[in-house]
Each structure stands twice: as C-alpha cells, then as structure tokens.
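Observations on the model geometry
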Amino acid sequence: MAGGIGVDLENLWIRFGDFVAVRDANVNINGGDFFSFLGPSGCGKTTILRAISGFLQPSEGRVLIGGKDMAGIGPNKRPTALIFQNLALFPLMKIWENITFSMEVKGAGKAERRKRADELLEMIALEGQGDKLPSELSGGQKQRVAIARALCAEPDVLLLDEPLSALDLKLRQHMRTELREIQQRVGITFIYITHDQGEALTMSDNVAVMRAGVIEQIGSGHDVYDLPATPFVASFVGENNVFRGRILEVNGTEALIRTNRSGDLLAQITPAARGVLKPGDEAMMFIRPEALSLVVDAGAHEKTRLAAKVVNEEFEGNSYSVFLEGDGGKRIKMSLPNVGQDRIASKGEDLTLKYELRNAVVMPAGELAAE
Amino acid sequence: MRSNILLSRIALGLYLVIFFTYLLGPLVIMSMTAFNSNPFPTITPWDCFSFEWFQVLANDERILRAILNSVIIGLGTVVLSVAMGLAASLILTQIWPRWRSTYYTIIIAPILIPGVVLGISTVVFWDRLSRILGPATDALFHNGIFLTILGQSTFIASYTMLVFVARLQRYDPGLTEAALDLGATHVQAFRKILLPFMRPAIASAAVLAFLASFENYNTTTFTFGRYPTLTIELAQKVRYGINPSISALAFIIVSLTVFGALANEAWRRGRIKAEAERKGEAVAQGRSILPGFLRGNWAAGALVLFSFVVITLFWTARAYSPEQCKAEVRAAKQAEAAKRREELLRRRAQQRLQQQMKGPDIFVPSGKPAPAGGAAAGKPATGNAPFGGVFDPGNLEGQSGTGEKPDEGSNAAPPAKPSPFGGVFDPGNLANQAGAGGDGESGEAPPGKADDNGGAKPTSPFGGVFDPGNLKGVGGGAGEGN
Ligand SMILES: Nc1ncnc2c1ncn2[C@@H]1O[C@H](COP(=O)(O)OP(=O)(O)OP(=O)(O)O)[C@@H](O)[C@H]1O
Ligand SMILES: [Mg+2]
C-alpha cells in the first residue's frame, strides 16, 4: 500500500516509577498499513498508543512519525488522531459539533463545519442525526461518531484503542468490516489495539503480539497464527493443543520430540527457533484443533499419529469439538467442520488422530497465556 | 401489625408538623406582623390590616443603601470566590497526589476559622500593607467594599471550591485529552470542554457565594467601614428599637425566595417534560383546560398561584386605606379605657363608703383621698419588676395606656423608670403616632405607670410579663377588674 505516513518505535521504554510498562519495543509500521497491537489486558497496549499520540513521554527510545522524531511535540501538534477506549465524545455538544471539533478549534466557520459534518455523517450512515446529543445514540452509533470525529481532523495516522470492545458480537463483526473499508478508502495508517485475536486477524496487515510490556512477535496474521514465535503467542492467538517434551533429533527444519505423554511426534521448527533448538532441549509442540483429523486408513506416517479416547463431544453449529484423552491422560481438542455427518464418535471410543507435519510447530519451552 | 403501621405513620406526621412549624413558624409569624398596624412586630393584638410598614421600609434611606451595598458586595464576592474556588479545585485535581491532602487542608482551613478572626485579620493585613506601600493605596485598602469582598471571599471561596471539586470528580479527563488530540490548544480545551461542563456547578457556586455573602455578619462587622451591609444595618437598628418595617423586609425576602424556588422547579420540570417529548416518549396527560406549560407541572401551578396572591396583595395596598380601621381601633380602645375608668371610680367610691362605715383608717391620713394611695402603691410595683418594666407589654399600648390614666394619681408617677437600659429598648419610644394620639394630661409618663392595680403586680416575678391578662388586647390593666 503506497503512500501514507509510517510510524516507527525505536528501543522504546516506558516506565511508571519502578514498573516497566513497555520494554524495549521496536516496531516499524508502514504508511497506509492496518497495524494491530494484540495482547491481554494490562500488557501495555494503551501505553504504547499514548506514547505515539503524545500524551506520554517515552522513558527511553524514540517515536518517529513519517521519519520525524516526535520528542517534545505535544498531542495537539502531532498528525495523529486517537479514538479512545471509552470514545470520549463531548457529552454537551451535538453530534455534528463533536465531529467537527477539530475544525472549530482551527477557526472554521459554522456553515463550512456543518457541511463537512453532513458529509461525514453520510459516510457513517447517520444522516440527519447531527443535532442529537451523544447520550441519545446507541453504542454502535457513538462508535461511528468517534471514528468520524477522528477522521474529520484528517490525521495521517489514526490510533484506535479497543474501539469495538463495548459492542455486541453482531455489531462488532459488522464494524470490523466497516473499519477495514474506511481504512482502505481513506488510505491512512491505522494503528489498532485489541485483546481480541479474531479482530486483529481479520483486519490487520500486520500484528504485534504483546505480553507484559514485551513485544513477542510481529508479523502478518498468517505468520502469527501458523508460525507462532513463542509459546505465549501460540497459546494466546487462537486455540492450540500443547505437547511438552524434549527434542530427540533435529533434521533441518524438522524435529522429533519425545512428548511427555503422547509418544514421539514430528513437527517443524518455528522460524524464530531454527538453529537454536538442539537435541535434549525442553520444547513445546503445538497442534491446532482443526489440524487434527481421524485416521481412516493406516497409511499415515507413524510419527504424526496419536491415539486417544473420546471424552466428550460438543456441537458448535459450524463445527464439532471433540475432547479426547491421550495415552498418558493428555487432554486433546479436535475440531471438525460440520458437513452433515451424523456423529463423529461416541463417548469412550478409541480413536487414532493424525496431522500434517506443516501444521505442527515446535519451539523452546516457555510461558503459556493464561486460560 | 396494622395498627402499628398506622401509629408510626401518625408519629411521623406529627414529627413533620412539629419540624416544619419549628422551621417555618417564625418566618410565617414575622411575615404576618408586617401587615399589622401595631407599632411593635406582633400579631396579638391584631390592630388593623395595613401596608404602612412597607411604606416605612421604602422610605428608610439607610436600609435601602444597605441593601445596595449588600448586593454590590455580594456580586463582588461571587466573582472573586468563584474564580478562586475554580482555580483551587483545578489545581487540586492536577497536583501531585502526595501533596493533595495537605493542599486540601490548607484550602479548606478558612471554613474552620471563626469569621471574626478572618474579619480582623483582613483589616489588619490591608492596613499594614497600605502603610508599607504608601498613602496612594490608602483609599482602596481602607475601602469598606474592597475589604468586605476580600474578607468574605477568604472563606466563601472554600465553599465554592467544594462545589467545584464535587463536579470535577465526575469529569473524564479523557475529554480534555480528546480535545488536545483533535488539535485544540490547552486554553481552547479549557474553554470549550471543561468550562461548559462546569457551568451548572459555577451557577450553584455563584448562588451559594451570593447568599453566604448576603447573610454574613461576623466577618463584615470588622470590614464594612463606611458601607454597612443589610445585616450590619439591621443589627444596628435593634439599638434604636425595631418596628414592623423589618418584618416587611422579611416578607419581601421570603416571597422572593419562595418565588425563586418555585420558578426554578417549574423551569426544571418544564425542561424534563420538553426533553421527554423531544425523545418522543408518551407523556401522560389527561384532558385539561390548563395551557401546556402548566400541565403536569405542579411547581408551575404553584408559582402562578403564589404570584397571583402576592400581586393581589400589593394591588389591594394601593386601593385599601386602613385609616378608618385605625380610627375605629383607637376609638374602641378609648372607649374601653373610659369604661374601665368609670369602673375604677365606682370601686373607689365603694371602698370609701366601706371605710367610712368602718371608721377612720389608721393607714390613710384622714385628709388624703384614697385614690392617691392607689397610685403610690403603683410606684413600688414597677420598681420591683426586674427589668424596670421594660418588657411589660403594657408599655406598648401607647394609646390605651395614656387614655386610661386616672387623672388623680398619674402626675405623681416619676417620668423616668429605673430601667437598666436607660429606656433605650423601650418600645414605647417607637410609638410616635400612638404616643401623640392619646396623650391626655401627662405626656411623659410612661404608659405602664398608669397601672393602678398595685396589689397584683409585685407578686409576679417578671413584672407581670406573663400575666395572661396582657393578651386581652386593651392595656396592661384591662384584665384585673376584680
Ligand atoms: N499512569 C500510570 N501510572 C502507573 N501505572 C500505569 C499507568 N498507566 C498504566 N499503568 C500500568 O501499565 C500497565 C499497562 O497499562 P495499559 O493501559 O497500557 O494496558 P492495556 O494493555 O491497554 O490494557 P487493557 O486491555 O486493559 O486496556 C498496567 O499494568 C497499568 O497498571
Ligand atoms: Mg487499554
């Protein structure tokens, strides 16, 4: 995506007293990208955003917008607009006044502002509602007003702090698509914060996954989902079955792992850990529930198979979730699309599961995301 | 069970009645006395319905000037203390948390310091300052209005700050950040976002500041200089004795307050209703002949009714003349007094007759007429009263008192009573009309002196103040005709 103003964080540290909220963050965000910060609550996402928009001075390191160091430049002088976690619409102003506040402070006349407000109201599908107060709008409508207000300032970078968290599921899904559309239309850089991995994956060109102030991985949605760099990313983004064990042998990008409870299994080594993992190392192997399937014939590779007993089965509309217990009492979840089959299995039945080698990743052992 | 609830309801009702009587009773009584022609603020005896005290009030230069001073000082205090309170409250939210409670204590301290101390220190401080800075500042730093505004604002600003802090606690600082983020300067963010949010609090703080300034006495009493406020003037007036023009002022103030409260409530209700209508909610309304503004808005109805009553009251004031009534009351009192005098004479005649039948009395020198003895007995009676008879309600009865004076004895009564206050508080002093009207033979004899009933008075420790006979409406001596 050509054009647009990029944002770079260089060795960014942010401390509150002794507490380190952001630890040595290095991020390059391309101009015109939809970039997301993804992480659990309290991991420092808002803090990073506030540093970018200028409400917080970094303790160390630099924030660059369009290649320019932003040190000492106040929030009202930066080419950014922030959509706050709680929206922060001005409660005493009408909708149209809210939207055009950035023009008002620059001294634009009323007629001009009114006209621009009407354009933006049309864009967010709220025509004719400009004379209401924020308290008279629904949650989704407020959301759109906040977006229009930020866009009215014509920022080069739009910062969004979990703007959809207050909405119900249907509206959230609708707004995701809408946001993505708006972003593609206006062509500016969006920096989006969320703790909802679905949101991050749907909308973003690139995602940074954070844990406790540390950026664990930056990459496209595919990279982050398919080739997680750390056990935290693997377990935080989407669902995953984890198998702990020790490396038996390393063979190029593949490794054989002696799992604690499920025998010896083959997996590919995640790019970040290639050349690092050696035989004997503690390791974790991840296989997504949807990457597991039933063995129909006996032809599959020995080392990509596991035996398990069905414990429970749940119907989830578009899919079945089957919970199994592996040989050593290991809990395994398998997800199968609902394509009209009657039942997958009955309780207590012994099954043999298989997976494709490229769907299993192994990496050095580490901390998992909290359930 | 049921009766228990009933009982507690009754108890609650009773409590409310007592409570409101306690709260509002004095004000109601005081307001009523404004319409009694009686020269002392009282509702018993009720002489004549009259507006003369409003006239007296309107002609009282000093009171009017004092009201003007109070308003000027009130407005000055509003401006100063709202500004200071707002600044203080804003600093409080910005300041480093560690220092917050210390700062808060300092800022709140003036409320805890006695107003007298604040008044004295204000005067002393500015006096010293003007000496240091030279005579150029003299006129300003010793100006009563200047000093009073400053003195009052020291603690009223603390009140307003509390109002602002309460409002600020509900402010989302994110709004200021949002404004800054959208390109506003700090000044613009303050003016366009924070100030409008604070507006209701500023309004209530201003009202509070004005009222606190208007009713302040103890600080002002040291600072007012040549500009006495209303409270100061009222307090000074007591030294010359009060008359119902004070009640008239009280009535006006109470009316304005009731009017203001009702108007505010009516406006508020009207707005809530308008809001509901705007949102398209159904507003319950039966069929009514009232215009829309009054429908379902009891406050508006009460306001209209109240205004109507007050306007009628003052309308009648222009047409109504109490002169005839006053003349009638005077005549009635004189008639009453005459009747009593006759009664007295008759009794004495009887006594004389009895004495003659008993033979010469050793206590009465034979040549002296008995009635003189009655007057002589009256003298020690007033002397025994602990307050020199100042509080004797009989004193108030200017007309009737002078009227009933028995001609034989009254000249013997000393013109000045042994009053500890030198008669300053003697309400009789106020009764100029009354005094002029009824003067019979001796002008300077205080009316109470005419009390012939020497035997009854000395027994009463309070000089007969509580004698129920006093309430009978005609003169101190009216009751004991036995
Ligand atoms: N002003 C501050 N002073 C001290 N600590 C702070 C301050 N602001 C944030 N923190 C701490 O920094 C950490 C990160 O906070 P931040 O608001 O960035 O979290 P977040 O990732 O946005 O979480 P959420 O998803 O819940 O919004 C938290 O542990 C928080 O307690
Ligand atoms: Mg946050």
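Residues numbered from 1 in each chain as written. Chains lettered and ligands numbered in written order. Predicted model: local features only at pLDDT ≥ 70, side-chain atom pairs only at ≥ 80, totals over all residues. Heavy atoms only, no water.

All names here are of chain A. The pairing of strand S11 (residues 241-251) with strand S14 (residues 282-287) spans six bridges and is classified as antiparallel. Considered in S14, the bridge of Phe243 is made with Met285. The pairing of S11 with strand S12 (residues 254-259) spans six bridges and is antiparallel. The residue bridging Asn251 from the neighbouring strand is Glu254, located in S12. Count of turn residues in the S11/S12 antiparallel hairpin: two residues, of which Gly252 carries a positive phi of about 65°. (Pairing = 2+ DSSP bridges. Helix = DSSP H or I, 4+ residues; strand = E, 2+ residues; numbered from the N terminus.)

Residue and element names in this part refer to chain A. Taken together, six strands build an open sheet; the order of strands is S6-S7-S8-S3-S9-S10 and the sheet is mixed. Of all strands in the sheet, those with a lone pairing partner are strand S6 (80-83) and strand S10 (214-219), marking the two edges. Taken pair by pair, the neighbouring strands of this sheet meet at an average axis angle of 15°, ignoring direction. Relative to S10, strand S9 (residues 206-211) runs antiparallel, the two being bridged by five bridges. Its bridge partner lying in S10, Arg211 is registered against Val214. (Axes fitted to C-alpha atoms, helices over the stretch in contact; angles between N-to-C directions.)

Residue and element names in this part refer to chain A. The full set of residues close to ligand 1 is Phe16, Phe19, Ala21, Ser41, Gly42, Cys43, Gly44, Lys45, Thr46, Thr47, Gln85 and Glu162. Within the side chain of Gln85, one N or O atom sits 3.0 Å away from an oxygen atom of ligand 1. Considered on its own, ligand 1 offers 630 Å² of accessible surface; in the complex 60% of this is hidden by protein. Among the secondary structure elements, those contributing two or more residues to the shell around ligand 1 are strand S2 (19-29) and helix H1 (45-53). Of the residues forming the shell around ligand 1, the biggest block, three residues, is contributed by H1. (Near = heavy atom within 4 Å. Polar contact = N/O pair within 3.5 Å; in protein donor to acceptor, adjacent residues only side chain to side chain. Areas by Shrake-Rupley, 256 points an atom, 1.4 Å probe, with all protein chains shown as cover.)

What follows deals with the environment of A:Val209. All names here are of chain A. Looking at where Val209 falls in the secondary structure, it is placed in strand S9. By relative accessible area, Val209 is classed as buried at 0%. Each C-alpha atom, one on Val209 and one on Gly219, is 8.8 Å from the other, the two residues being 10 residues apart in sequence. Those residues in contact with Val209 that sit more than four places away from it in its chain are Leu38, Val214, Ile215, Glu216, Gln217, Val224, Phe232, Val233, Phe236 and Val237. (Buried < 20%, exposed > 50% of the residue type's maximum accessible area, 1.4 Å probe, protein only. Contact = heavy atoms within 4.5 Å.)

Before going further, it helps to spend a moment on the coordination of the magnesium ion (ligand 2). Residue and element names in this part refer to chain A. Surrounding the magnesium ion (ligand 2) are the protein donor atoms Thr46 (OG1) and Gln85 (OE1), at 1.8 to 2.7 Å. Placement of the pair is Thr46 in helix H1 and Gln85 in the loop between S6 and helix H2 (95-99), with a sequence separation of 39 residues. Relative accessible area serves as the criterion here: at 26%, Thr46 is assigned to the partly exposed category. For Gln85, a relative accessible area of 40% corresponds to the partly exposed category. (Donors = N, O, S within 2.8 Å, 3.2 Å for Na, K, Ca; no water.)

In short, geometric facts, not functional conclusions.
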